[in-house]
2 protein chains.
Amino acid sequence: MANQYFVKQVYTTFNFFIENPEKHHIFNVMRARNGERLELVFSDGKIALAEVVNAEKAEFKVIKEINRNNELPIEVTIAVGFPKGDKLDFITEKATELGASAIWGAPFEWSVVKWNQEKLLKREQKLAKIAQGAAEQSKRNLIPEIKLFEKFTEFFEKLHDFDKVIVAYEESAKLGELSKFVQVVDQRPTKIIVIFGPEGGISPQEVNSFKDNGAELVGLGSRILRAETAPLYALSAISALLELNK
Amino acid sequence: MANQYFVKQVYTTFNFFIENPEKHHIFNVMRARNGERLELVFSDGKIALAEVVNAEKAEFKVIKEINRNNELPIEVTIAVGFPKGDKLDFITEKATELGASAIWGAPFEWSVVKWNQEKLLKREQKLAKIAQGAAEQSKRNLIPEIKLFEKFTEFFEKLHDFDKVIVAYEESAKLGELSKFVQVVDQRPTKIIVIFGPEGGISPQEVNSFKDNGAELVGLGSRILRAETAPLYALSAISALLELNK
């Protein structure tokens, strides 16, 4: 199966040239040669089998358009309270493989790490690269948007953009509210956000703010999941409920 | 919430003493003190809130039995073709959190690593520790069984012990056979095994052997999952379908 790459070029049936950093990656790192065929995802979302015409010049021609949609049936944004260490790298890679449309992070009350604007920008760039690599490997049609918020309030204001706001809350699982998540997903909202706390959890004040704004608190199974595992459960569950369960 | 530990002691209402390595872990590493209360899972599966009577002697008394079942409604064994590096560590930790009853590994035709009996034994011991830690953290009622096979045929012979043998097979996803996994899980077999290939996949010969023995080949969503991600998808999906979807 041909490797897949995202390029900034829009779809065209004329010969075309790609630019760095994709040029560097495809020709210097992956060492594509004249005549080799790759799957390119264009900036307008179209996918084509393309052949290298001239590797020196990074010149391609389209062989045929590929009709393929590997995206989840609903748009899912995964939002996490900043976790410790490189857990955000892990979450980004796996959430991309599992179909997230966007991966957001924000400082929650019980987040241990504190990042300033400069540090956030660097982290965002690193995560964007991880997301692109994982999106290529898993044959996604798009690269998830990466967004790290400096302030919780900035993040909170964005919640109005979603049809449904879901908060993964351990206490809900304990109260036996295990069917809520399925109920919400079964309504097939177009665009949802699923929110996860950092290692220490979501503070009572945060839970109340979410609730007062119409968020649904849900439990994700009977076991206690680590901060970095819960988002993978939610995405897998959404896929199982909407893609497999037809 | 009190920390949970597995002990080799059977449940008793008399005062009791625990042994190493649990004694060392609870008193030297976690530094439990007189009067502290912990949740202990006894070797017969019973759980109790217990109080440290004498930390020096590792002596406990039961305060009250705890009635809790955090296990998946069906027994799920995860079996993987030996993957590279420390991916088996990762799979063991996450599959334990997500409710696997057993985690098995075996050399598949396209596994890159080759381990001899001595190396396998060491790996098994390491994985058993990882599973115990993850089972404690996620509040499981049992520690998943860890088993690494030296030969593929030894592994293959064990498949008769299961009600259903499921093979995660990328080609099935491509053929659009996405509902098969749900169909099998919805029949609520008591004891299933879900088999995953190493990074390179499952060889055609292996697929045919599984098929000839009545295995179901299933796809797990539209995207291509890495070897270490697919088992987490399967366990999350089983939980969503059987624990949440009531």
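Residues numbered from 1 in each chain as written. Chains lettered and ligands numbered in written order. Predicted model: local features only at pLDDT ≥ 70, side-chain atom pairs only at ≥ 80, totals over all residues. Heavy atoms only, no water.

Asker: Tell me about the overall build of chain A, residues and numbers included.
Answerer: A tally of regular secondary structure across chain A gives 8 helices and 11 strands. Expected size for 246 residues packed as a compact globule is a radius of gyration near 18 Å; at 20 Å, chain A falls within 12% of this value. Dimensions of chain A along its principal axes, counting C-alpha atoms only, are 60 × 45 × 30 Å. Split into buried and exposed, the 246 residues of chain A put 54% on the buried side. By sequence separation, contacts in chain A at least 24 residues apart represent 75% of the contacts at least 6 residues apart. As presented, chain A carries roughly 11200 Å² of accessible surface, and 47% of it is formed by carbon and sulfur atoms. Computed over 33 positive and 35 negative side-chain charges, the inter-centroid distance for chain A is 4 Å. (Helix = DSSP H or I, 4+ residues; strand = E, 2+ residues; numbered from the N terminus. Rg over C-alpha atoms; globule rule 2.2 N^0.38 Å. Buried < 20%, exposed > 50% of the residue type's maximum accessible area, 1.4 Å probe, protein only. Contact = heavy atoms within 4.5 Å. Areas by Shrake-Rupley, 256 points an atom, 1.4 Å probe, with all protein chains shown as cover. Lys, Arg positive; Asp, Glu negative; His and termini not counted. Charge placed at Lys NZ, Arg CZ, Asp CG, Glu CD.)

Asker: Which residues make up the packing of aromatic side chains, and what values go with them?
Answerer: Residues and elements named next belong to chain A. Evaluation of the coordinates by the stated rule reveals 33 aromatic pairs over all chains. Ring centres of Trp104 and Phe162 lie 5.6 Å apart, and the angle between their planes is 75 degrees; this geometry places the pair in the edge-to-face category. With Trp104 in strand S7 (residues 102-106) and Phe162 in the loop between helix H4 (152-157) and strand S9 (164-168), this pair connects stretches of sequence that are 58 residues apart. Phe162 shares its class with Trp104; the two are buried. An aromatic cluster is present here, built from Trp104, Phe108, Phe149, Phe152, Phe155, Phe156, Phe162 and Phe210 joined pairwise through their rings. (Phe/Tyr/Trp six-rings, centres within 6.5 Å; stacked < 30°, edge-to-face > 60°.)

Asker: Give me the interface of chain A and chain B: which residues, what numbers.
Answerer: Each partner contributes residues to the interface: chain A has 41 residues there, and chain B has 41 residues. Of the roughly 3500 Å² buried between chain A and chain B, counting both surfaces, carbon and sulfur atoms make up 57%. A per-residue breakdown of the area chain A buries against chain B is headed by Arg223, Arg226 and Leu244 of chain A, which together make up 23% of the total. The interface formed by chain A and chain B includes 8 salt bridges. Salt-bridge contacts for Glu243 of chain B lead to Arg223 of chain A; the nearest nitrogen and oxygen are separated by 2.8 Å. Our enumeration of links across chain A and chain B arrives at 21 residue pairs in polar contact (both at pLDDT 80 or more). Along the lines of polarity and charge, the residues of the side of chain A that touches chain B split into 17 nonpolar, 12 polar and 12 charged. (Buried area = accessible area lost by both parts, 1.4 Å probe. Salt bridge = Lys/Arg side-chain N within 4 Å of Asp/Glu carboxyl O. Polar contact = N/O pair within 3.5 Å; in protein donor to acceptor, adjacent residues only side chain to side chain. Nonpolar A, V, L, I, M, F, W, Y, C, P; charged D, E, K, R; others polar.)

Asker: Can you lay out the side chain of Glu97 of chain A for me, pointing to particular residues and giving the numbers?
Answerer: Following the sequence through the fold, Glu97 of chain A ends up in helix H2 (residues 87-97). Here the side chain of Glu97 of chain A touches Arg226 of chain B through a polar contact of 2.8 Å, landing on its backbone nitrogen. Look past the residues within four positions of Glu97 of chain A in its chain and what remains in contact with it is Ser138 of chain A together with Arg223, Ile224, Leu225, Arg226 and Thr229 of chain B.

Asker: Any details on the pattern of salt bridges? Residues and values, ideally.
Answerer: Here the structure, examined in full by the defined rule, presents 36 salt bridges over all chains. With a shortest N-O distance of 3.0 Å, Lys94 of chain B and Glu97 of chain B are connected by a salt bridge. Taken together, the residues Lys94 of chain B and Glu97 of chain B, both in helix H2 (residues 87-97) and 3 residues apart, mark about one turn of the helix. Three or more residues are tied together by salt bridges with common partners; here these are Lys87, Glu199, Arg226 and Glu228 of chain A together with Glu93, Lys94 and Glu97 of chain B.

Asker: I'd like a rundown of the sheet that holds strand S1 (residues 4-6) of chain B, residues and numbers included.
Answerer: Residues and elements named next belong to chain B. Spatially, S1-S3-S4-S5-S2 is the arrangement adopted by the 5 strands of the open sheet, whose pairing is mixed. Lying at the two open borders of the sheet, with one neighbouring strand each, are S1 and strand S2 (16-17). With 5 bridges joining them, strand S3 (residues 37-41) and strand S4 (residues 47-54) adopt antiparallel strand pairing. Among the inter-strand pairings, Leu40 is bridged to a residue of S4, identified as Ala48. Against the sheet, helix H1 (residues 22-29) contacts S1, S3, S4 and strand S5 (59-66), and its axis sits at roughly 155 degrees relative to S1. (Pairing = 2+ DSSP bridges. Axes fitted to C-alpha atoms, helices over the stretch in contact; angles between N-to-C directions.)

Asker: How would you explain the domain arrangement of chain A if you had to name every residue and give the values?
Answerer: All names here are of chain A. What the domain assignment lists for chain A is domain 1 (4-66) and domain 2 (75-244). Placing the centre of domain 1 and that of domain 2 at their C-alpha centroids yields a distance of 33 Å. Contacts between domain 1 and domain 2 engage 9 residues on the former and 8 residues on the latter. Both faces considered, domain 1 and domain 2 share a buried interface measuring about 670 Å² in area, 47% of it formed by carbon and sulfur atoms. Contact with domain 2 buries area across many residues of domain 1, yet Gln4, Phe6 and Ile47 alone supply 71% of it, more than any other trio. Counting the contacts that link domain 1 with domain 2 gives 1 salt bridge. Residue assignment for the side of domain 1 that touches domain 2 shows that the elements contributing at least two residues are strand S1 (4-6), helix H1 (22-29) and strand S3 (37-41). For the side of domain 1 that touches domain 2, the element with the most residues is S1, which contributes 3 residues. Here the side of domain 1 that touches domain 2 is composed, by residue class, of 4 nonpolar, 3 polar and 2 charged. (Domains from an automatic or database assignment.)

Asker: Please give an account of the relation of the copies chain A and chain B that cites residues and values.
Answerer: With an axial shift of 0.0 Å and an RMSD of 0.0 Å, the rotation relating chain A to chain B amounts to 180 degrees. This pairing of chains is accounted for by a two-fold axis. It is Ala237 of chain A whose C-alpha, among those of chain A, lies nearest the rotation axis, at 2.5 Å. (Least-squares fit on C-alpha atoms with pLDDT ≥ 70 in both.)

Asker: Explain the packing of helix H8 (residues 230-244) of chain A against helix H8 (residues 230-244) of chain B to me, using residue names and the numbers behind them.
Answerer: Contact geometry of H8 of chain A with H8 of chain B gives a least axis separation of 8 Å together with a crossing angle of 70 degrees. With respect to their mutual orientation, H8 of chain A and H8 of chain B come out roughly perpendicular. Once H8 of chain A is placed against H8 of chain B, the crossing between them reads as right-handed. Between H8 of chain A and H8 of chain B, the contacting residues are Leu232, Tyr233, Ser236, Ala237, Ser239, Ala240, Leu241 and Leu244 of chain A on the first element and Leu232, Tyr233, Ser236, Ala237, Ser239, Ala240, Leu241 and Leu244 of chain B on the second. Taken together, the residues of the contact of H8 of chain A with H8 of chain B break down into 12 nonpolar, 4 polar and no charged. (Parallel < 35°, antiparallel > 145°, perpendicular 65-115°, else oblique. Left-handed = near helix turned anticlockwise from the far one by under 90°.)

Asker: Describe the nonpolar core, with residues and values.
Answerer: Core analysis: the largest hydrophobic core is formed by 87 residues, its most contacted members being Phe181 of chain A together with Phe181 of chain B. Residues in contact with Phe181 of chain A, not counting those within four places in the same chain, are Ile166, Val218, Gly219, Leu220, Ala234, Ala237 and Ile238 of chain A together with Leu244 of chain B. (Core = buried A, V, L, I, M, F, W, Y, C linked by side-chain atoms within 4.5 Å.)

Asker: Outline the environment of Trp110 of chain A, listing residues and values.
Answerer: Residue and element names in this part refer to chain A. With respect to the helices and strands, Trp110 occurs in the loop between S7 and helix H3 (117-137). Judged by relative accessible area, which is 40%, Trp110 ranks as partly exposed. Through-space distance from the C-alpha of Trp110 to that of Gly133 is 31 Å; in sequence the pair is 23 residues apart. Those residues in contact with Trp110 that sit more than four places away from it in its chain are Pro198, Gly200, Gly201, Ile202, Ser203 and Pro204.

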